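# Examining the three-dimensional arrangement
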Amino acid sequence: MQFIDLKKQYELIKDDVLNEINQVLESGQYIMGDKVPELERVLSDYNGSKHCIGVCDGTKALLIALMALDIKAGDEVIVPAFTFIATASMVSLLGAIPVFADVDKKTYNLDPNKIEQLITSKTKVIIPVSLYGQCADYDAINAIAARHNLVVIEDGAQSFGATYKGRQSCNLTTVATTSFFPSKPLGCYGDGGAIFTNDDELAQKIHWIRIHGQDKRYHHAVLGLNGRLDTLQAGILLSKMRIFANEVKLRAEVANRYNVLLNDANCITPFLAAGNTSVYAQYSLLIDDRDGLIKHLNDNGIPTAVHYPIPLHKQPIFTQNYHGQDLSVSEEVASKIVSLPMHPYLDHNTQDKIIEAVKSFIGR
Ligand SMILES: *Cc1c(COP(=O)(O)O)cnc(C)c1O
């Protein structure tokens, strides 16, 4: 059994993917070929953003977004304590300071009620993460940001395709980033990412930063890097976008089936906030004896994963950034969360086997 079965998807789209790859190979345009702007148009059409800028991965998408906002040494950026490392490490890479805020008990997303007390004169940005494929409460967070003159970046690495009050993820804030790491809901066959914004000036700057800060060839207006999206990956993503809307539907069906059949089990299933749809990048349970369940599932041939076992303020690289604020929800979730196999092509038989194994452990 696969935790995320990428081969089933490949079998379905193989001819189309190979055709896209072949077109790139035949074109001879391996860097910034036509597939890149073509994909950018498809992605911005999908979520309604004015600008989409394809980049090399979701980590550099965050870095470039922060660079475009002129984040520098000493600036403070509020991030959730419970997320993937890149949300905060890119802040540190610029010499700025990640400030950890606690997450909501039910959604595990940044808690809007824990933000304002962390804002200082140095705060510049808030980076909520749309964790496990569900958007954070962006209306509440944008309102806080507006009151304090801050910018919001949605880290939508796990949530492209999700909706919040009828609006699309990665088009809810001043700037948003996503990742096309193979196991994300929209993944390529290598590294890839994208940045979205409706702000023309910011988009221009992001375009420059992506290619060494060039405004004209060999003329460098701003500090930049090599952040380009690979043309082959853009072609592969064009193929994946042809089935993406259907996959979003299939993911929700798999998750709903888990929800219904685990309803009477002694564990906490994912909570979907009112007005949200999720793309279920992960299907995660909260359970007291997490390690026991992992071992039991492993003994039954069922793979699991923990996203994420250590909250950021407990990471060695961030100990100096923790000043004793209450992050108890992040700590508790990190100690009890476990993800079950989740992908659009999880068949009922396999899913039943997983559910039975979970229930047989919890029932002991
Ligand atoms: C995956 C992920 C990233 C990083 O994306 P990469 O493409 O792997 O660099 C950043 N933030 C979150 C929340 C992620 O899940």
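Residues numbered from 1 in each chain as written. Predicted model: local features only at pLDDT ≥ 70, side-chain atom pairs only at ≥ 80, totals over all residues. Heavy atoms only, no water.

## A look at the overall build of the chain
Along its length, the chain carries ten helices and 14 strands. Taking the principal axes of the C-alpha coordinates as reference, the chain spans close to 65 × 55 × 35 Å. Buried residues in the chain amount to 55% of all 364 residues. A separation of at least 24 residues holds for 71% of the contacts in the chain among residues at least 6 apart in sequence. Split by element, the accessible area of the chain, about 15400 Å² in all, is 52% carbon and sulfur. Side chains of the chain carry 34 positive and 41 negative charges; the gap between the two charge centres is 1 Å. (Helix = DSSP H or I, 4+ residues; strand = E, 2+ residues; numbered from the N terminus. Buried < 20%, exposed > 50% of the residue type's maximum accessible area, 1.4 Å probe, protein only. Contact = heavy atoms within 4.5 Å. Areas by Shrake-Rupley, 256 points an atom, 1.4 Å probe, with all protein chains shown as cover. Lys, Arg positive; Asp, Glu negative; His and termini not counted. Charge placed at Lys NZ, Arg CZ, Asp CG, Glu CD.)

## Remarks on the sheet that holds strand β2 (residues 76–80)
Taken in spatial order, the seven strands make up an open sheet running β1-β9-β8-β5-β4-β2-β3, and their pairing is mixed. Strand pairing shows two members of the sheet lacking a second neighbour, β1 (51–55) and β3 (97–101), which therefore form its edges. Within this sheet the neighbouring strands show an average axis-to-axis angle of 25°, counted without direction. Here strand β8 (residues 175–179) runs beside strand β9 (residues 193–197); their pairing, made up of five bridges, is antiparallel. Note on β9: the bridge partner recorded for serine 179 is glycine 193. Helix α3 (residues 58–68) rests against β1, β2, β4 (123–126), β5 (151–155), β8 and β9 of the sheet, and its axis sits at about 160° to β8. In the packing of helix α5 (residues 138–147) onto the sheet, contacts are made with β4 and β5, and the angle to β5 comes to roughly 150°. (Pairing = 2+ DSSP bridges. Axes fitted to C-alpha atoms, helices over the stretch in contact; angles between N-to-C directions.)

## A look at the pattern of salt bridges
A complete count under the given rule lists 22 salt bridges for this structure. One salt bridge connects glutamate 20 with lysine 35, and the closest N-O pair in it is separated by 2.8 Å. Pair noted here: glutamate 20 is in helix α1 (residues 6–27) and lysine 35 is in helix α2 (residues 35–47), with a separation of 15 residues, a long-range link. The same class applies to glutamate 20 as to lysine 35, namely buried. One salt bridge in this structure joins arginine 257 and aspartate 352, with 2.9 Å as the shortest N-O distance. Note that arginine 257 is positioned in helix α7 (residues 231–261) and aspartate 352 in helix α10 (residues 348–362), a separation of 95 residues in sequence. With a relative accessible area of 27%, aspartate 352 lands in the partly exposed category. What you see here is one network of salt bridges that share partners, running through Asp16, Glu20, Lys35 and Arg242. (Salt bridge = Lys/Arg side-chain N within 4 Å of Asp/Glu carboxyl O.)

## What about the packing of α3 against helix α6 (residues 200–210)?
Between α3 and α6, the shortest axis-to-axis distance is 9 Å and the interhelical angle comes to 125°. Regarding the angle of α3 to α6, the classification is oblique. When the axes of α3 and α6 are compared, the crossing they make is right-handed. In this structure, α3 contributes Ile64, Met67 and Ala68 to the contact, and α6 contributes Leu202, Lys205, Ile206, Ile209 and Arg210. (Parallel < 35°, antiparallel > 145°, perpendicular 65-115°, else oblique. Left-handed = near helix turned anticlockwise from the far one by under 90°.)

## Structural notes on the domain arrangement of the chain
When the domains of the chain are assigned, the result is domain 1 (6–102 + 109–237) and domain 2 (244–362). Placing a centre on the C-alpha atoms of domain 1 and another on those of domain 2 gives a separation of 24 Å. Domain 1 puts 36 residues into the contact, and the matching count from domain 2 is 37 residues. Buried area between domain 1 and domain 2, summed over both chains or domains, comes out near 3000 Å², and the portion from carbon and sulfur atoms is 59%. The interface formed by domain 1 and domain 2 includes one salt bridge. The salt bridge partner of lysine 8 is aspartate 347, with a shortest N-O separation of 3.6 Å. (Domains from an automatic or database assignment. Buried area = accessible area lost by both parts, 1.4 Å probe.)

## What to know about the packing of aromatic side chains
For the structure on display, the rule yields twelve aromatic pairs. Centroid distance phenylalanine 160 to phenylalanine 196: 5.6 Å. Interplanar angle 15°. Geometry classified as stacked. Of this pair, phenylalanine 160 sits in the loop between β5 and β6 (163–164) while phenylalanine 196 sits in strand β9, and the two are 36 residues apart along the sequence. The exposure class of phenylalanine 160 is buried, given its relative accessible area of 3%. Aromatic rings pair up to connect Tyr46, Phe160, Phe196 and Phe244 into one cluster. The lysine or arginine in question, lysine 184, covers the ring of phenylalanine 84, its NZ or CZ lying 5.9 Å from the ring centre. (Phe/Tyr/Trp six-rings, centres within 6.5 Å; stacked < 30°, edge-to-face > 60°. Lys NZ or Arg CZ within 6 Å of the ring centre and 35° of its normal.)

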